[in-house]
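Inside the fold
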Amino acid sequence: MNAIQKDKFLPFGLSEGDSVLQEGNDEVSEALKIKKPLQFYDVQFNTLYVSTNGFLSLQPPPDESQYLRNIFPLSFSAIAPFLTDISSGQGKGSVYYRVEESLVVLNQTSEMVQQGFTGSAFKPSHTVIATWDNVACEEEGLQLPFTHCVTSFQVVLAGNKSDTYALFLYPEDEQQMLNISHNHTKMSNGHAKPQIGFNRGNTSTTEELFYSLFGTNEISKNLLTGNTGVNGLWIFHIGSSRFPFQKVVPASIPKSGSMGFGSLSSTTDEDFYITLKSNTPADNSTSKVQMDIPASLVQQPSKSNQELLQATSKNVTKMCGLHLKFCSQDGYCTDYQTGPCCHCRSGYYGNGRQCLPLGISQPLSGKLSGLVSVGDTKVKLNNVDIHGFAVVGEGRVYISISPVPAQAGWALMAVSPLVSTFGWLFALELQNHLNGFSITGAEFSHQAELVFSPQGQRVSIIQEAQGMDSFNHLNFNIRISGDLPSIPNGAKVHILPYKETYQYNQSVVTSSSLREYMVVSENGGSETFSYMLHQNVSFSNCEHGPWTIPDFQHVNVEHLMVMFTEGTTLRYAITNKVGPVGGELPGLLELNPCLTGKHHCDPMALCLPGDGTHYHCQCAMGFQGDGRNCYDVDECAEGLSSCGPHSECMNMPGGYHCNCQSGYEFDLDSHVCVDIDECFLQLCHPFSSCFNTQGSFHCQCWPEYKGDGFLCQPPPKRRPPLTVCQQHRESLQENLSTYPDLEAFIPQCDGKGQYKPLQCLGSTGHCWCVDSRGQERLGTRTMPGTAHANCDQPAALLPRVETVCERWRLSLMTHYNGHPSSQDYMPLCDAHGNFLPVQCYGNSSFCWCVDRQGVEMLGTRSYDDVKPPCISGDAPPLNNALMYPVIRSSPSGPAILYTQASQIGVIPLDETEPVQEKSTVLLALKDSIVIGIDYDCQENMLYWTDFGRHTINRAVLAFRSEPETIISQGLVQPEGIAVDTVHRKLFWVDSGKDRIETSGLDGRNRKVLIDSDLMNPRAIVVDAKSGTLYWTDWNRDAPKIESSSLEGHKRKILVQGGLMLPNALTLDFETNHLCWADAGTKKLECISPDGTERRVFQDVLNYPFSLAIYNSHFYYTDWERDGIVLFHQNVYSFYSFLETYGLCIHVYYTDFWLCNRNV
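Okay, so let's go over this structure.

Rules used in this analysis
- Residues numbered from 1 in each chain as written.
- Predicted model: local features only at pLDDT ≥ 70, side-chain atom pairs only at ≥ 80, totals over all residues.
- Heavy atoms only, no water.
- Buried < 20%, exposed > 50% of the residue type's maximum accessible area, 1.4 Å probe, protein only.
- Helix = DSSP H or I, 4+ residues; strand = E, 2+ residues; numbered from the N terminus.
- Pairing = 2+ DSSP bridges.
- Axes fitted to C-alpha atoms, helices over the stretch in contact; angles between N-to-C directions.
- Disulfide = S-S within 2.5 Å.
- Contact = heavy atoms within 4.5 Å.

What follows concerns the pairing of strand 12 (residues 195-199). By the criterion of burial, strand 12 is predominantly enclosed, with 5 of the 5 residues buried. Going residue by residue along strand 12, you find Gln195, Gly197 and Asn199 tucked away on one face and Ile196 and Phe198 tucked away on the opposite face as well. Pairing analysis gives 4 bridges linking strand 6 (residues 78-83) to strand 12, with the strands arranged antiparallel. The residue bridging isoleucine 79 from the neighbouring strand is phenylalanine 198, located in strand 12. In terms of strand pairing, strand 12 meets strand 13 (residues 210-212) through 3 bridges, oriented antiparallel. Bridge pairing in strand 13 links glycine 197 to serine 212.

Here 4 strands make up an open sheet; going across it, the order is 68-69-70-71 and the pairing antiparallel. Two strands lie at the open edges of the sheet, namely strand 68 (1062-1068) and strand 71 (1095-1098), each paired on one side alone. Recorded for the sheet is a direction-independent mean angle of 25° between the axes of neighbouring strands. Bridge analysis of strand 70 (residues 1083-1087) against strand 71 gives 3 bridges, and the strand direction is antiparallel.

We now examine the state of the cysteines. Applying the stated criterion to the full structure yields 17 disulfides. Two residues, cysteine 636 and cysteine 649, share a disulfide whose sulfurs are 1.8 Å apart. On the sign convention where negative means left-handed, the S-S torsion of about -70° between cysteine 636 and cysteine 649 marks this disulfide as left-handed. Taken as a pair, cysteine 636 in the loop between strand 39 (630-632) and strand 40 (647-652) and cysteine 649 in strand 40 lie far apart in primary sequence, 13 residues in all. A relative accessible area of 24% places cysteine 636 in the partly exposed class. On the accessibility criterion, cysteine 649 (29% relative accessible area) is partly exposed.

Next up on the list: the environment of leucine 56. Tracing the backbone through its elements, the reader meets leucine 56 in strand 5 (residues 55-57). Along the chain, leucine 56 and alanine 80 lie 24 residues apart, while their C-alpha atoms are 6.4 Å from each other. Apart from residues lying up to four places away in sequence, leucine 56 is in contact with Leu48, Tyr49, Val50, Ser77, Ala78, Ile79, Ala130, Trp132, Val155 and Leu157.

Attention now moves to helix 6 (residues 417-425). In terms of burial, helix 6 is largely enclosed, as 9 of its 9 residues are buried. For helix 6, the full list of buried residues reads Pro417, Leu418, Val419, Ser420, Thr421, Phe422, Gly423, Trp424 and Leu425.

If you want it as C-alpha cells, here you go:
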C-alpha cells in the first residue's frame, strides 16, 4: 500500500503565504476570513479559528481546560485531525494556515477526493490548509507510547458552492502519535483524551451531529491505513447545502471484511443519499449499522451480492424531492427501494430526464468532424453542419450534411451508420417495444467500426448526443476517421432494406451485422459491396427502477435513401420500425397504413390503426385540428399554462415550458420558482458579507471597511501622521531595504519629528547643517576628521545671480531713464526672478502668455479686460512632498478629486455637498504642476498630466500605491486628459505642440490624432458610448469647441459663436449634453452633440478653469475666487469650500451603474 510522505503534504510555510500561529500551548488564531463559504453539516460558514491543540473551529473555542479531558460530543464545533495537548515554538515546531485557490492545489485536492470517493465528480473552488509542523504532543505523567512525541499532520478543507470535504494527512515517518488508537481506552479521566473526528456543537441531537474515529472498533484497528487506499490519508464528506446533512460520510475503499461495507464502488448517478444494511460478519446476527452513503460512491453489485442492496420498504429514503431537478419538466419522479427514477408523463415519451410530446416532428442539429482518406487523398471535415428532422409517428428521419468536400462526399454515401443511429432513435414502436429515445433520451455515446470488403478499409465513427436544448432541439457531435473505398463521381448508391438485431442491457446496446450496398455508375453499370458493422451505444440508465426492455429487439429498416447533390450536400432518408425478434408481424397489421407510413395524417398527428386498412388521425398533444391538418396551441397566449409566481411561460411545439425570472430557479419539489441564493455566486467584494433577498441580494463591507459591498477599502492604519522628516526617513529606509550594505543618507529626526540641525552621511564623517525643511545650508558641509559647523548660527546671506527677467527689466528701466510710462512694457518677474506667465503693456489690457524664457506663446494675445488663462511652468516649493511619493489615502465613496499646483486632493461628498473638514491630500509631487486629471473606474486608476515635469502619470487609488510615469518624452505643455474606459485608451492635448494625441492606458501605441488648425487646445473629454472626442481651443482670434471620432476622423466645429475663453469642458451623462465654462463670457452652457438645444445655465461666473457634473450639480474651479464652486442645475447657489488655488477637478464615484454609464 502507498503511504503519504511529509514532502507530499500540500505546500505550506511562509514561502506559500501562510500565516503562523502564535507560539504557545493553547493559542487560537485571529478569525481566518474565507471569501467563499464552506459547509459543515448543514451550517454554512466563512470564518475559521485555528487552535494549537490540533483542530479548527467555527467560533473561538473555550479554554483548553474545558475540553482536553472530555470526549466527543463537545460544546463547540471542531474539525479535529488530532485534538490533544499540543505545544509549538521554542524548538517545538509551528502551526501554519491559509486560504488557497491556486489551480495546482485545487486539482491535487480534487484527485484525492475522487480517489477516496470513487466515481465522484467533485471539483473544489477553494480550500483551507492548516499544517502542524514538528509540534510537540505531551501530557505530564501519562506513560503511553505517544507521550513526548514530535509529529506533523495536515488538514485540508475543500469546498465548492454546495459541498465540503475534509482531508486528514499523516506522514508515514511521523505516525507515532497514531498509537493512541491502541491506548485510547486505557487513559484515566485525569488526562487529555486525544480526539480525531468532527463535532457539530451547539445541538441537543448529539447522537447524529458528531463523528469520532474512536467510535467504531473496525476503524480504530485500521487507523494507520487511512480510508482511501493510501496509508495516512483520510477523507470525509463533512457538509452539504443540497439536502439536510446530518452525518459525516467517510471515504470507503473496498477490502474484504475490513471496513464493514461490503463491495462498494461507484455509479454515475447524481449525489443523493440512500440507506444500506451492513454486511459486517460480526453484525449479521442482530445488530445493524446504518450509514448515509452518497450514491456517487455505490456501484451496482454483482447478482451474487444483490441481496446487499435489498432494503426493506420501511428503510426506503424518499429522495424524489432532491432528485426531481434532474427530471424533465414534462416528467415526474418515482421513489423505488434503492433510489428515485424519472419517467415521462402521459402523452410524452423518453427516459424521464428527456421527454418529448408524442406525434410531433423532432428537429435535429449537430456537427460532423474528422479526417478520412479516399484512396491517396486525405479530406478534413471541420465542424460540418448537420440538420434534419424526424417524423416520429412514421419512423422516418431526414438528414442533410453540408458543406462536404466532393472528394469525400461521394464515398460517404456508403456510410449509412451516419444516419441509421437516428433511425433507431426515432423508429416506429411496435408491440410495446421501445425505440432509442424512449430508452436513452438522446443522451448516449455511439461507437461504430466499419470494415469494408474486399480491400479491408476501416472507418471509425464516434457520436456524442447531449440530449435536448431549451428549444427541444436534439444536439449531437459526430467524429469520423479512417479509410473509405472510393465511389465514382456521379454514381448512385442503393441500400436495400435490412433487419438488425440489437442486444440490450442496463447501460449498453450492441449489434453486429453485414450491410450491403450497390454502386450504380453513370453509364448504368452496377456492383455490390459490403462491410461488417460492429456498434454499441452506451447510456446512463436509472438502475433503481424495473428493467422491462427485452434482451433483444429487431430494427427493421424498410427504406434508406442516400444521395450527394449540388457537389456539397449529403442527404439521407431512412424509415425504421422496432419490434420483436423472430418472425414477421401479422399480415393484417403489416398492411395497415399506420404501420406502412402510407397514411394522410399530419406530421404533428398520431396515426391510430383500426380494422384492416382503416385508421384514424388524432392531433398530438398540444396541437388542435382534424388530424389531417394540425396547428400548435399557444398555451401561454390562451392562458392554459400553469406557470406559478416569478415565472414566464414559453410556448413550445406541443406544449410549453415555464422559465423562472431573473433571480429565481425551480424548486426541487413542486416546480415552482424560488429565490436563488446569489451569495453563492461570489459577487460581493472579498472583504464584505453577502445577504440574500427575494430575487436579489445586497453586500455589506466588514466592520471598519469602507465601501458599497462590491468594493471595500481596508481601514487605514491607525498611527499618528508622520512629519516631513519622518516621511523622508521612512521612504529612504523602505527603498534601501533591498540593499542593506549600501552606505546611504538617512535623515535624523528629533523627538518631535523635526529635522535635526546637523545631518551626517552614515559613518563616513561627512556632515552638514540643514534648515527646518531638511535643505542643506550652503557652506556648512565638513569633511571627515574636521570640526562640524555650528548649526545654531544663522545662515549667511549669499547673493543671487540676476535672472534673464531681472536683467531685461533693469535694461529697459535704463532705457526709460528710470521712469517708464503706464503704457511702456516692463517684464513682470516673480520673487525668484522668473517670468510671470502673463505679461502686459503697462496698465493696458494688451496681454499675452509667455514660456519660462519669456517668449510669447502664439494665439494668446488679449485686447480686452479678461487676461488670458496662462499657466505657470514653475512649480512652487512643497514642504510635505516626499522624495518617493505614494497615495496617502483613498476615497470610500463619492468625492471630488482636485489638483492644486503640486498636489492632488480629495473632498468627500455628502450626497452632493462637499465635506470640507474631511478633505485630504492624496498625493504630493515635488517639482510638479498637475493640470488635467481623469479617473478609470474599471481599474480604480487615476491619470494626470504634469505641466512642470512634462509627463503623463497614473496611480491606483489605494493606500500606499506609488505613481507610475507612462509618458515621459515628447511632451511640452500637456494639459487636458481623458480616459476611454470602454476602448481602454488615453487622450490628451499638448498646448505647447498644438496637437491631440492618444495611446493605450499603459502609454504604449502612442500616436498623433490631430496636429493642424489648433492654437491653444486645453480641455478634452471622451464619449466612449458614441465614440466621440470633444475639446476646447481658446485661440484668442478664433475660439471654438470641436469634435471628432476616436481615430481623429469626422472632425467638425461644434460651437464657434459666443465664445471667448472656453477653459472647462465635461459631459452630462444624464442629459447626454456637452457642457463648458467660459472665463471670457462668464457663462456656463450646455449643448446637444448634434449642435442643437444650446442653453445657458449661468452667466455671472468669475474665472472658471475646470468643470465637473454629478447628480444634477455643477462643480467648477474659479481662479479669481481661489476655490471650488458648486450649484444645482436648476437652483443657483454658491458654496465655496476650498480657499486655495485649484486647477482641475473630477468627481470620483464607486457606484457600478455610474461607472458603466459610458458603455
